[in-house]
Amino acid sequence: MVVDDHPMWREGVARDLTEAGHLVVATSGEGRQAVRVAAAARPDLVVLDLQLPDVSGVEVIHGLRATLPEVRILMLSASGEHQDVLDAVKAGATGYLLKSAAPAEFLDAVRRTAAGEPVFTPGLAGLVLGEYRRLAADSSGGAGASGSAGGAAPRLTDRETEVLRLVAKGMSYKQIAERLGLSHRTVQNHVQNTLGKLQLHNRVELTRYAIEQGLDG
């Protein structure tokens, strides 16, 4: 699904996606309408602009997550402002790409986002990881960062911990698979198992957990 208030841009993105073999189930030019339409169309992935005429893209993310918890959201915005990026990611966006990206870069980002990988315009990934490190440092003096109510860290296998460490370094599933000599599917399975054990929802949250545990060194 494509959400953008500029008709020519919205139609162009939808056309590029269709020509690349993706099925565009819906388009919308307004945030509230997008949430309603998405609830009916049930897209796997939403390409979303940050600036919309009625509500912000961040509010749309919250609405989409409420109705479609598993949906992937790729922000496609003209704004590279750091706060805009952080607000979108914290709200639940899977990735953030600037509109200045080349068509091939955009289509690659769509494919990777659909696979659950966080995708960012070069330079923004470091910003997001840096923010998570700061948050982890701020909370390090608390009751612990294990994420479990009882304070005991969930038990991960050695392989799951190894994969988690590479996730924290910002490596893609393909890079992790090549590093460990595993298939792409096996890496995905390890990540999904880890998400389940830690009661997290996506790779962005998983990266934050890994940083909190000091696994990104």
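The preceding data block contains the structure.
Here the structure is a predicted model, which means the values were calculated and not measured. (Residues numbered from 1 in each chain as written. Predicted model: local features only at pLDDT ≥ 70, side-chain atom pairs only at ≥ 80, totals over all residues. Heavy atoms only, no water.)

Chemist: Which residues make up the overall build of the protein, and what values go with them?
Modeler: Within the protein one finds ten helices and five strands. Expressed as a percentage of its 217 residues, the buried residues of the protein come to 47%. Within the protein, residue pairs in contact and separated by at least 24 positions form 63% of the contacts whose partners lie at least 6 positions apart. (Helix = DSSP H or I, 4+ residues; strand = E, 2+ residues; numbered from the N terminus. Buried < 20%, exposed > 50% of the residue type's maximum accessible area, 1.4 Å probe, protein only. Contact = heavy atoms within 4.5 Å.)

Chemist: I'd like a rundown of the sheet that holds strand β4 (residues 72-77), residues and numbers included.
Modeler: Think of a sheet as strands paired side by side through backbone hydrogen bonds, with each pair either parallel or antiparallel. Reading across from one edge, β2-β1-β3-β4-β5 is the order of the five strands in this open sheet, with parallel pairing throughout. Either end of the sheet is taken by a strand with one partner, and the two such strands are β2 (27-28) and β5 (95-98). Relative to β2, strand β1 (residues 2-3) is paired through two bridges, and the arrangement is parallel. Each residue of the ladder has a partner; that of V3, found in β2, is S28. (Pairing = 2+ DSSP bridges.)

Chemist: Break down the nonpolar core for me, with residues and values.
Modeler: Counting residues in each nonpolar core, the largest one holds 27 residues, and the members touching the most others are L48, I61, M75 and Y96. When residues no more than four places from it in sequence are discounted, the contact partners of M75 are L48, D49, L50, I61, A88, A93, G95, Y96 and L97. By size, the runner-up hydrophobic cluster in this structure holds 16 residues, among which are V163, L164, M171 and L180. (Core = buried A, V, L, I, M, F, W, Y, C linked by side-chain atoms within 4.5 Å.)

Chemist: Lay out helix α7 (residues 158-168) in plain terms, naming residues and giving numbers.
Modeler: For α7, the set of buried residues is E160, V163, L164, L166, V167 and A168. Once α7 finishes, G170 follows within two positions and takes phi at roughly 85°, a positive value.

Chemist: Describe helix α1 (residues 7-19), and please don't skip the residues or the numbers.
Modeler: Residue pairs three or four apart in sequence face the same way in an α-helix, which turns once every 3.6 residues. Here α1 spans 18 Å end to end across 13 residues, near enough to the 18 Å set by a 1.5 Å rise per residue. On the buried face of α1, the contacting elements are β1, β2, β3 (45-48), β4 and α5 (103-114). At the C-terminal side of α1, G21 shows a positive phi close to 100°. (Expected span 1.5 Å × (residues − 1).)

Chemist: So what's going on with the pairing of β3? Residues and values would help.
Modeler: Judged by which residues are buried, β3 turns out to be covered on both faces: L45 and V47 on one side and V46 and L48 on the other are all buried. Where β1 meets β3, two bridges bridge the pair, whose relative direction is parallel. Residue pairing across strands places V2 opposite V47, the latter belonging to β3. By the bridge criterion, four bridges tie β3 to β4 in an arrangement that is parallel.

Chemist: Could you give an account of the packing of helix α3 (residues 57-67) against helix α4 (residues 82-91), with specific residues and numbers?
Modeler: For the pair α3 and α4, the least separation of the axes is 9 Å and the interaxial angle reads 10°. Of the possible angle classes, the one that applies to α3 and α4 is roughly parallel. Contacts between α3 and α4 pair V58, I61, H62 and R65 from the former with D87, A88 and A91 from the latter. Of the residues in the contact of α3 with α4, the class split is four nonpolar, one polar and two charged. (Axes fitted to C-alpha atoms, helices over the stretch in contact; angles between N-to-C directions. Parallel < 35°, antiparallel > 145°, perpendicular 65-115°, else oblique. Nonpolar A, V, L, I, M, F, W, Y, C, P; charged D, E, K, R; others polar.)

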